[in-house]
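An overview of the molecular structure
Here are the chains, one letter per residue:
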Amino acid sequence: MEFLRTHSVRIVAALAALIPLLVARWPGIDWYGLAAVVGALLGAGEVAQRVENSKTSEALHKTSPYDELAAIHVQLAQRESDYDLTR
């Protein structure tokens, strides 16, 4: 399942690229069946887009290690400002 989650857009693109090849190879192909395949690819493309959006959202909501460093930097700056250099 992880493979499908990681490469979902590539799989849908490869399947979509096969449609013109099928039409060129077999010109007498059943158009109703072809329309069903195209509809299924559109649905799979929507699912793939939602998976990619969820991965992006998940990545954006992770805390960055730089946030922790920035907090430490603020603490150090506060300590420096509290320290009297004239002592």
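Residues numbered from 1 in each chain as written. Predicted model: local features only at pLDDT ≥ 70, side-chain atom pairs only at ≥ 80, totals over all residues. Heavy atoms only, no water.

Considering the environment of Val 9
Just so we agree on the cut-off: Elements are defined by DSSP. Helices are runs of H or I of four residues or more, strands are runs of E of two residues or more, and each kind is numbered from the N terminus. Residues count as neighbours in contact if any of their non-hydrogen atoms are within 4.5 Å of one another.
Inspection of the secondary structure puts Val 9 in helix α1 (residues 2-25). Note: C-alpha distance between Val 9 and Gly 33 (24 residues apart in sequence) is 23 Å. Not counting the four nearest positions on each side in its chain, Val 9 is found in contact with Ala 48 and Glu 52.

Observations concerning the packing of α1 against helix α2 (residues 31-60)
When two helices pack together, their arrangement is given by the angle between the helix axes and by the axis-to-axis distance. Worth spelling out the cut-off: In this analysis, axes come from line fits to C-alpha atoms, helices being fitted only over the stretch in contact, and the angle between any two N-to-C directions falls in the range 0 to 180 degrees. By definition in this entry, angles of less than 35 degrees are roughly parallel, angles greater than 145 are roughly antiparallel, angles of 65 to 115 are roughly perpendicular, and the rest are oblique. By convention the crossing between two helices is left-handed if the near helix lies anticlockwise of the far one by an angle smaller than a right angle, and right-handed if it lies clockwise. Residues are grouped as follows: Ala, Val, Leu, Ile, Met, Phe, Trp, Tyr, Cys and Pro are nonpolar; Asp, Glu, Lys and Arg are charged; every other residue, Gly included, is polar.
As a packed pair, α1 and α2 sit with axes 9 Å apart at the nearest point and diverge in direction by 160°. Considered as vectors, α1 and α2 are oriented roughly antiparallel to each other. For the crossing formed where α1 meets α2, the hand is left-handed. By residue class, the composition of the contact of α1 with α2 is 14 nonpolar, 4 polar and 4 charged.

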